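# Observations on the model geometry
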Amino acid sequence: MALVIVSGLASSGRTTRSLELKADLEQRISSTSAATSGSSSARGINRVVIVSDADIHVPRTAYSSQRTEKPARASYLSAVTRALGRDTVVIADGGAGLNIKGFRYQLWCAAREVGVRCLSILVHTHPDVCRSWNQQRRAGDQHATHEAAYDDETLDSLLARFEEPNPMTRWDSPLFIVPTTLEAATPNSDPEITANDVDKTRIRSEPIPLDEIWTAITTGSVSKAPEVVAPTRSTTANYLSLLESSTSLCVEQILSHHTSFGLQAGDQISVTHASLQGPSPLTFTLSADRGDTKPTLPALQRIRRQFVRMHSSGASNINQLGSAARQEGVHFSLTPAAKLDQADKRQAAAAAAAPAPVESASPEWSIAKRFLAFLEGAL
C-alpha cells in the first residue's frame, strides 16, 4: 500500500513519532474496516509495520565506521523490501541509515518496483535537543528511554553528515515536516544547564499532520516502475517468436535424449511438449547413413538458424511455411481481425468453411513437424 520513510537527525525522536503514527493508522484502519463506506484503497490496508534497526539487530555502534555502517544499511534495505506489500503500510524508521539521500532513493526504488506509494516524514529537531536526549539515554534518566545511546564522536559525525530531504526530488516527495523546536533561553533559566542537558520546558513538539499523511497513503499517486525492472510475462507474440521457440524446443529435446540415453543411427526420438498439439506425435529419426557420427550442438543450432532464416522472411500468411500449414487448417497470423485486408478475410472465410480436421494442430506443432523433417534431411 505505502512506504513511509521517517528521517531526521540522530536522537531526534523518530521512533516516538513512528509509534504515534502507527497507532493513529491502526485506529483509522479499524474504523474504516468497521464502516460500510470509505475508499477502496483504505479498506485494502490490513496491517501497519515499523521496520527499525532493532528488527535486524543493528546496534547504534554500527554507525561509528563505514566498515560496519554499509552492511547495516544493506540488511535494513532487505528487511524493508521483504515487508513491502499491497496491503501493508511500512514505516521505515531505520535510524541513522535514512539520513543519506542515496539510501532513501534505494528505498523509493524498492517501493516503486512493488507498486506501492512512497512518502517521507522529516522529524526536524534542533541539534542541541538531540544531544540532550542522547545524553539522557546514556545517563539512564527515568524520563528517558533506556536504550543504547550514540557516543559523542559518532553523534557529532551523524549530525554533520545529515542530508536533509528535499521535496523537489522524486524520492523525498510528498514530504511532511514534523518540527520539534527549542525556544530561546529566558532570564529565569538555570545557568547550570548546558547544551547537553537542555531545559525540557524550552522544547516544543509540534503535532504530526496525521490527516494529510493518511490522505497521501490512501489516495496518493504511485510511481510507475521502469520497464527494465517491471515484471513481464513471457509470451509468444508473433510469427518469428513461434519459429524461434518451436525450433529451439526440438533441438533441446534431441540433445536431452542424447545426453540421457545416447544417440545411435536409426534411433527414433519422440518430441513432446504441451504446446505441440497435433493429429499425430512428432518424432525425429537419425539417418543410418551417418554411421557413428553424432550430431553436435553447434551443428543442430546452425541448421536451426538456417531454417529460421528461410521461413522468417515475408509475412506468415504468404511464405511457404504458412501456405503449407494452412492446407492443414493451421493459421499463423496473429494480426487482429480488424486489421486484415480483404484477401486475408476471404482466406479466413474459406478456411472456416473447409471441413475441420479430426484434431486441430497448433502452430507450434506445424512448425516443429517441418523443422524435424528439414533436420533429418540436413543431417
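Given the structure is predicted, the values throughout are model-derived calculations rather than measurements. (Residues numbered from 1 in each chain as written. Predicted model: local features only at pLDDT ≥ 70, side-chain atom pairs only at ≥ 80, totals over all residues. Heavy atoms only, no water.)

## A word on the confidence of the model for the protein
Across the protein, the average pLDDT comes to 78, with 76% of residues at 70 or higher. Segment residues 142–146 is flagged for pLDDT under 50; beyond a separation of four residues in sequence, or across chains, it makes 5 contacts in the model. Within the model, the stretch residues 332–340 combines pLDDT values under 50 with 18 contacts to residues more than four positions away or in other chains. (pLDDT = per-residue confidence, 0-100. Contact = heavy atoms within 4.5 Å.)

## Focus on helix H9 (residues 297–312)
Relative to the 22 Å expected for 16 residues at 1.5 Å per residue, H9 spans 22 Å between its end C-alpha atoms, a close match to the ideal helical length. Of all the residues in H9, the buried ones are Ala299, Leu300, Ile303, Arg304, Phe307, Val308 and His311. (Helix = DSSP H or I, 4+ residues; strand = E, 2+ residues; numbered from the N terminus. Expected span 1.5 Å × (residues − 1). Buried < 20%, exposed > 50% of the residue type's maximum accessible area, 1.4 Å probe, protein only.)

## Observations concerning the packing of helix H5 (residues 127–139) against helix H6 (residues 152–161)
One way to put it is that H5 packs onto H6 with a least axis distance of 11 Å and a crossing angle of 155°. Relative to H6, the element H5 lies roughly antiparallel. The chirality of how H5 crosses H6 is right-handed. For the pair formed by H5 and H6, the contact residues are Pro127, Arg131, Asn134 and Arg138 on the first element and Asp152, Leu155, Asp156 and Leu159 on the second. (Axes fitted to C-alpha atoms, helices over the stretch in contact; angles between N-to-C directions. Parallel < 35°, antiparallel > 145°, perpendicular 65-115°, else oblique. Left-handed = near helix turned anticlockwise from the far one by under 90°.)

## Overview of the packing of helix H8 (residues 239–261) against helix H12 (residues 363–378)
Contact geometry for H8 and H12: axes closest at 9 Å, N-to-C directions at 55°. Here H12 runs oblique to H8, going by the angle between their axes. As H8 packs across H12, the resulting crossing turns out to be right-handed. Contacts between H8 and H12 involve Leu242, Leu243, Ser246, Thr247, Cys250, Val251 and Ile254 on the former and, on the latter, Pro363, Glu364, Ile367, Ala368, Phe371, Leu372 and Leu375. Here the contact of H8 with H12 is composed, by residue class, of 11 nonpolar, 2 polar and 1 charged. (Nonpolar A, V, L, I, M, F, W, Y, C, P; charged D, E, K, R; others polar.)

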